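# Geometric and topological summary
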Amino acid sequence: MDSGKVSNGFVPRYNEGDIPSNLNYDTAEELLVAFYNAFRNEQKRKSDAERKQYPAIRKLSELTRPIEVNSTVKDYVARINTFTRRYMRDLPRTMELWLGQTRKIDPVVFTFLNIELILAEFETKNGDGSVNKQKSNIQSALRKLNEFKRRR
């Protein structure tokens, strides 16, 4: 990273869209399938004896089939997609990085790479100070994506 390049008061994590060589995901599909599979059997409140075991998936389309899936993680996947389609463009510093890329990457992969900045910049309150429920739910999914990134 070129530590001399500062933009809007912060140093970009990856200069001009450079993609780390250890990134295993080229597409949203690959990333979100790995994300789902990593958390599909995680349950916080049940004892080990009561844990539900969900099958791994190979494609996101499997989440819409009549197989049993972890609905919470399925919702996280949908919320991450909603963030990239609807809310990412509202984050000025994030969009500056997105537009400054020399090699365009999938928006979900970009979100994964820059999740720390996005979490810091993503506001979940409306203009009147009330909590925006959809944004709050999306923030939970983004935090889970950050957890997934830290586990790697």
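Residues numbered from 1 in each chain as written. Predicted model: local features only at pLDDT ≥ 70, side-chain atom pairs only at ≥ 80, totals over all residues. Heavy atoms only, no water.

### Some details on the environment of alanine 34
One can find alanine 34 in helix 1 (residues 28-39). When the C-alpha positions of alanine 34 and leucine 60 are compared, they lie 9.9 Å apart, and in sequence the two are 26 residues distant. Beyond its immediate chain neighbours, meaning those up to four positions away, alanine 34 contacts Tyr25 and Phe148. (Helix = DSSP H or I, 4+ residues; strand = E, 2+ residues; numbered from the N terminus. Contact = heavy atoms within 4.5 Å.)

### Some thoughts on the environment of isoleucine 118
Take isoleucine 118: it is sitting in helix 5 (residues 115-121). With a relative accessible area of 0%, isoleucine 118 lands in the buried category. Between the alpha carbons of isoleucine 118 and leucine 91 there is a distance of 7.7 Å; along the sequence they are 27 residues apart. Non-local contacts of isoleucine 118, meaning those with residues more than four positions away in its chain, are made with Phe83, Leu91, Thr94, Thr111 and Leu142. (Buried < 20%, exposed > 50% of the residue type's maximum accessible area, 1.4 Å probe, protein only.)

### Concerning the side chain of asparagine 132
The residue asparagine 132 is located in the loop between helix 5 and helix 6 (133-151) in this model. Here glutamine 134 takes part through its backbone nitrogen, which lies 3.1 Å from a polar atom of the side chain of asparagine 132. Within the local environment of asparagine 132, its side chain forms a polar contact with the backbone nitrogen of lysine 135, the two atoms lying 3.0 Å apart. The residues touching asparagine 132, leaving out its near neighbours within four places in the chain, are Thr124, Lys125 and Asn126. (Polar contact = N/O pair within 3.5 Å; in protein donor to acceptor, adjacent residues only side chain to side chain.)

### A closer look at the pattern of salt bridges
Should the charged atoms of two oppositely charged side chains come close, the side chains can pair. A full pass over the atoms with the stated rule returns seven salt bridges. Note that lysine 144 is salt-bridged to glutamate 42, the shortest N-O span being 2.4 Å. Linking lysine 144 in helix 6 with glutamate 42 in the loop between helix 1 and helix 2 (71-87), this pair joins segments that are 102 residues apart in sequence. With a relative accessible area of 28%, glutamate 42 lands in the partly exposed category. The salt bridge involving glutamate 68 is made with lysine 52; its shortest N-O contact spans 2.9 Å. In this pair, glutamate 68 sits in the loop between helix 1 and helix 2 while lysine 52 sits in the loop between helix 1 and helix 2, placing the two residues 16 residues apart along the sequence. (Salt bridge = Lys/Arg side-chain N within 4 Å of Asp/Glu carboxyl O.)

### Structural notes on helix 2
Helix length check: helix 2 (17 residues) gives 23 Å between terminal C-alpha atoms against 24 Å at 1.5 Å per residue, within 8%. Within helix 2, the full set of buried residues consists of Val73, Tyr76, Val77, Ile80, Thr82, Phe83, Thr84 and Tyr87. Structurally, helix 2 contributes buried residues whose contacts are with helix 1, helix 4 (107-113), helix 5 and helix 6. Two or three places before threonine 72, at the start of helix 2, stands the capping residue asparagine 70, its side-chain oxygen 3.0 Å from that residue's backbone nitrogen. (Expected span 1.5 Å × (residues − 1).)

### Points about the packing of helix 1 against helix 6
Where helix 1 meets helix 6, the axes come as close as 11 Å, and the angle between the chain directions of the two elements is 90°. Taken together, the axis directions place helix 1 and helix 6 in an arrangement best described as roughly perpendicular. Residue-level inspection shows Leu31, Ala34, Phe35, Ala38 and Phe39 of helix 1 in contact with helix 6, the latter providing Lys144, Leu145, Glu147, Phe148 and Arg151. Taken together, the residues of the contact of helix 1 with helix 6 sort by class into seven nonpolar, no polar and three charged. (Axes fitted to C-alpha atoms, helices over the stretch in contact; angles between N-to-C directions. Parallel < 35°, antiparallel > 145°, perpendicular 65-115°, else oblique. Nonpolar A, V, L, I, M, F, W, Y, C, P; charged D, E, K, R; others polar.)

### Digging into the environment of proline 107
Counting through the fold element by element, proline 107 comes out in helix 4. Looking at proline 107, the relative accessible area reads 30%, which means it is partly exposed. A C-alpha to C-alpha distance of 7.6 Å links proline 107 and alanine 28, two positions 79 residues apart in sequence. In contact with proline 107, other than residues within four places in its own chain, are Thr84, Met88 and Trp98.

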